[in-house]
Amino acid sequence: MATKKTKSKAKSAAKKAVKQSVRNAKKGKYGGIVAIVLVLILGIALFGGYQFGLFDGLFHREDEKTTSPVVVDTDELSVHFLELGNWYTGDCTYIKIGTVDILIDAGSRASSAQAITEYVNQYCTDGVLEYVIATHAHQDHIAGFVGTKEFPGIFEQFECETIIDFPRTDATSQVYRNYCEKRDAEVAKGAKHYTALECYENKNGAQRKYTLAEGVELEILYQKFYEEKTSDENNYSVCCMINQGNQHYLFTGDLEGDGEESLVQMNNLPHCTLFKAGHHGSRTSTTYALLDEITPEVVCVCCCAGSDEYTATNKNQFPTQEFCTRVSDYTDKVYVTSLSLDNEKKEFTSMNGNIVFSSKGDGYTVRCSANDTLLKDTEWFKENRVWGEPE
Ligand SMILES: [Zn+2]
């Protein structure tokens, strides 16, 4: 065991050695050795800093998959298409401009409430969602509003100020009844609740257009199934547009072809910089009738690519071949949230991950949490789809 004495002896010896080496260095003796030691120390410090990510802003780390959130400027509008924490296809779009936060849908399952809440909390710092839109009564769009016992849904995680949902539904499911119960509880706490039809008609305090920031508005569009009965619940979908100066971003939920036809007839649709692919890239949505009007530049598909959740027929699995063929006439900037790894085990991974479109009103950027690879360039696409018309 080292005594106090021997310790201090050692200390003073070390001091002496340092003094001696400094003296020697000053004299030019051992100068080479000192330089080598300094270079070694500097090298170790740089390597350590690199390993701990201290220089991430300077170097691109090839080995690291980006898991940190995409950073958006405070004066940017950002539209986020979320991964939902499971293998099931569903929709959740989060939109932020300044301190205004909007959520369109909260799929795909009740357990998605956690993934959505954790994601949104990275950007929404006051716990308030100014606008919440539920497009239609299917679980892959509303289950996350309800959540689970362990992790309550969006209506409980956030203060929701204005809730806009579908004027019509034929739903009788448990998840729909739970949705109504949770929504009404939020209304009892002070939230305003309107249907898309009330908004469109500027009735009962609802507005067709809500100003989100200077030159930025949320506009509720009209389509005939707000009032007419249909056999397809998807056609009851609430449709809305974000207008940011001369740029327009369109969200149609799971609206089907005949709904899209009505949307085109009833609105003077502009060219859209951004379009959330209709019905997860189904073959029955994103029809030419709509595409010809909006000529989209960026198309984001919320789905688990190649999952057999709805069909075993490969070409009809989201995003379907027919969807890819039609959209390829307009743009190749197509992004997809998730990818099925194993349909048996229901395992998934990121395709692009969380897709973040952002703009200050003039131009845009698309950044994704996993990678920015276009759909047509992905391995999955090359193995399962054809860009353009199949032979
Ligand atoms: Zn859906």
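Residues numbered from 1 in each chain as written. Predicted model: local features only at pLDDT ≥ 70, side-chain atom pairs only at ≥ 80, totals over all residues.

Undergrad: Is there a simple way to think about helix H4 (residues 139-146) in this case?
TA: The periodicity of an α-helix, 3.6 residues per turn, causes residues three or four places apart in sequence to face the same way. Counting buried positions along H4 yields eight of eight residues, so the element is predominantly enclosed. The complete set of buried residues in H4 reads Gln139, Asp140, His141, Ile142, Ala143, Gly144, Phe145 and Val146. Check the buried side of H4 and you find it contacts helix H3 (112-121), helix H5 (154-157) and helix H6 (174-188). Immediately beyond the C-terminal end of H4, within one or two residues, lies Gly147, with a positive phi of roughly 75 degrees. (Buried ≥ 20, exposed ≤ 12 C-beta atoms within 10 Å, placed from the backbone. Helix = DSSP H or I, 4+ residues; strand = E, 2+ residues; numbered from the N terminus. Contact = placed C-beta atoms within 7 Å.)

Undergrad: Looking at this model, I keep getting lost on the nonpolar core. Mind explaining?
TA: Within soluble globular proteins, side chains that are nonpolar tend to cluster in buried spots. Ile116, Ile164, Cys240, Cys300, Val301 and Tyr335 are the most contacted members of the largest nonpolar core, which has 99 residues in total. If you tally residues by element for this core, the top one is strand S12 (residues 298-305), at eight residues. Those residues in contact with Cys240, other than ones at most four positions away along the chain, are Ile133, Leu218, Glu219, Ile220, Leu221 and Phe251. (Core = buried A, V, L, I, M, F, W, Y, C linked by C-beta atoms within 7 Å.)

Undergrad: Just checking my understanding: could you explain the pairing of strand S15 (residues 355-359) for this structure?
TA: Looking along a regular strand, one sees the side chains alternate between the two faces of the sheet. A large share of S15 lies buried, amounting to four of its five residues. Across four bridges, the pairing between S15 and strand S16 (residues 365-368) is antiparallel. Looking across to S16, one finds that Ser358 is bridged to Thr365. (Pairing = 2+ DSSP bridges.)

Undergrad: Looking at this structure, I do not really get the environment of Cys368. What am I missing?
TA: On the secondary structure map, Cys368 appears in strand S16. For the pair formed by Cys368 and Val356, sequence separation is twelve residues and the distance between their alpha carbons is 5.7 Å. With residues near it in sequence (within four places) discarded, Cys368 still touches Tyr335, Asn352, Gly353, Asn354, Ile355 and Val356.

Undergrad: Which parts of the structure should I look at to understand the environment of Val299?
TA: Note on placement: Val299 falls in strand S12. Judged by local crowding, Val299 falls into the buried class, with 26 C-beta atoms found within 10 Å. Taking the C-alpha atoms as reference, Val299 lies 8.0 Å from Thr331; in sequence the two are 32 residues apart. Val299 has contacts with Phe275, Ala277, Val327, Thr331, Lys333 and Val334, leaving out every residue within four places of it along the chain.

Undergrad: Looking at this structure, how should I read the packing of H4 against H6?
TA: When two helices pack together, you describe them by how their axes are tilted relative to each other and by the distance separating the axes. Interaxial distance between H4 and H6 falls to 9 Å at its minimum, and their mutual angle equals 45 degrees. Our classification of the angle between H4 and H6 gives oblique. Along this stretch, H4 crosses H6, giving a crossing that reads as left-handed. Along the contact surface, H4 presents Gln139, Ile142, Ala143, Phe145 and Val146, while H6 presents Val175, Asn178, Tyr179 and Lys182. When the residues that make up the contact of H4 with H6 are grouped by side-chain class, the tally is six nonpolar, two polar and one charged. (Axes fitted to C-alpha atoms, helices over the stretch in contact; angles between N-to-C directions. Parallel < 35°, antiparallel > 145°, perpendicular 65-115°, else oblique. Left-handed = near helix turned anticlockwise from the far one by under 90°. Nonpolar A, V, L, I, M, F, W, Y, C, P; charged D, E, K, R; others polar.)

Undergrad: I keep staring at unusual backbone geometry and nothing clicks. Help me out?
TA: Trans peptide bonds make up most of the peptide bonds, and negative phi angles are found at most residues other than glycine. Note the cis peptide between Gly107 and Ser108, where omega equals 0 degrees. Along the polypeptide, Ser108 turns up in the loop between strand S3 (100-104) and H3. Its identity is not glycine, yet Lys346 carries a phi of approximately 55 degrees, on the positive side. Inspection of the secondary structure assignment puts Lys346 in the loop between strand S13 (334-342) and strand S14 (347-350). The class of Lys346 is partly exposed, set by 15 C-beta atoms lying within 10 Å.

Undergrad: Can you help me understand the sheet that holds S13 in this one?
TA: Pairing between sheet strands relies on hydrogen bonds along the backbone, with the strands arranged either parallel or antiparallel. Overall, mixed pairing links the eight strands, which are arranged S7-S8-S9-S10-S11-S12-S13-S14 in an open sheet. Edge positions in the sheet fall to strand S7 (209-213) and S14, since each of these pairs with one other strand and no more. Strand-to-strand twist across the sheet, computed as the mean angle between neighbouring axes with direction ignored, equals 20 degrees. When strand S11 (residues 274-276) meets S12, the two strands line up parallel, connected through three bridges. Across the sheet, the residue bridging to Phe275 is Val299, located in S12.

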